[in-house]
Amino acid sequence: AAVVIAACSFSSAVAAADAQGGSMGTASMATLFVFMLAVVVSRVGLYGFDVGVLELQQRQVDEKDRNAVGAVENSLTSAGTLLIMAYSMDTTTPETFVHIVWASAVAVCVAALLFGAYLKLWHEHVHSHPAGFEDSHAHTTRARPHR
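Residues numbered from 1 in each chain as written. Predicted model: local features only at pLDDT ≥ 70, side-chain atom pairs only at ≥ 80, totals over all residues. Heavy atoms only, no water.

**Section: the overall build of the protein chain**
- Of regular secondary structure, the protein chain possesses 4 helices and 2 strands.
- Traced from its N-terminal end to its C-terminal end, the protein chain shows the element sequence α-α-α-α-β-β.
- Of all intrachain contacts in the protein chain linking residues separated by at least 6 positions in sequence, the fraction that spans at least 24 positions is 26%. (Helix = DSSP H or I, 4+ residues; strand = E, 2+ residues; numbered from the N terminus. Contact = heavy atoms within 4.5 Å.)

As C-alpha cells, then:
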C-alpha cells in the first residue's frame, strides 16, 4: 500500500509540473524519488512498531479484556486523527503549519515519557522457585494473584 501511495504522489507531482507548462528537471525528479523511497522505508518501522504493540497486548492483557482495550485504543487513535485533520483544515499558510509541527513534537516527547514510565513500572523476568512450585513462569511488578 505504501508503494502505491508513494507512486501516486510521485506521478501526481510529475503531472502537476507538466500541467504548469514546464518539465521537471533531473534534480527535481531525484528529489521526488528520494522522497518516495523514504516514505516506503519509513513504513518498515511503522509496521514493526505495530507488530510489537500487538505482541505486548496479547502477552499482557487478559483475554477477556482484550476487546475493551482494543476498542479504547482504536477510539483514541481515531480521535487523534480527527483532531489532526480538523486542525490541518484550518492550517492554510506556512506560518500556521509550525503549530502542527510543534504539536507533533510534543506528542512524540509525551509518548516517549509514557513509554519510559511503562518500562520502569512493568517488566518481566523468568526465574525458578524451589521444589513444590512451578518450574518457571513470568512475573511482573503488577502481577495479578494466581487463582
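**Description of a nonpolar patch on the surface**
- Residues Phe33, Val34, Leu37 and Val41 make up a contiguous nonpolar surface patch of roughly 390 Å² in combined accessible area.
- One can find Val34 in helix H2 (residues 26–60). (Patch = residues over 30% accessible without salt bridge, like charges linked within 9 Å, V, L, I, M, F, W, Y side chains within 5 Å. Areas by Shrake-Rupley, 256 points an atom, 1.4 Å probe, with all protein chains shown as cover. Salt bridge = Lys/Arg side-chain N within 4 Å of Asp/Glu carboxyl O.)

**So, the confidence of the model for the protein chain**
- Taken residue by residue, the protein chain gives an average pLDDT of 76. The fraction at 70 or more is 65%.
- Across the protein chain, element-level confidence peaks in helix H3 (residues 66–90) with a mean pLDDT of 89 and bottoms out in strand S2 (residues 136–139) with 54. (pLDDT = per-residue confidence, 0-100.)

**Concerning the side chain of Thr91**
- Along the chain, Thr91 turns up in the loop between H3 and helix H4 (94–121).
- In this structure Thr91 comes out as buried when scored by relative accessible area, which is 15%.
- A polar side-chain atom of Thr91 sits 2.9 Å from the main-chain carbonyl oxygen of Tyr87.
- Excluding residues that lie within four positions of it along the chain, Thr91 makes contacts with Thr96, Phe97 and Ile100. (Buried < 20%, exposed > 50% of the residue type's maximum accessible area, 1.4 Å probe, protein only. Polar contact = N/O pair within 3.5 Å; in protein donor to acceptor, adjacent residues only side chain to side chain.)

**Considerations on the pattern of salt bridges**
- Enumeration according to the criterion identifies 1 salt bridge in this entry.
- Across the pair Arg59 and Glu55 runs a salt bridge whose closest N-O atoms are separated by 3.9 Å. Of this pair, Arg59 and Glu55 both sit in helix H2, 4 residues apart, roughly one helical turn.
- Judged by its relative accessible area of 42%, Glu55 is partly exposed.

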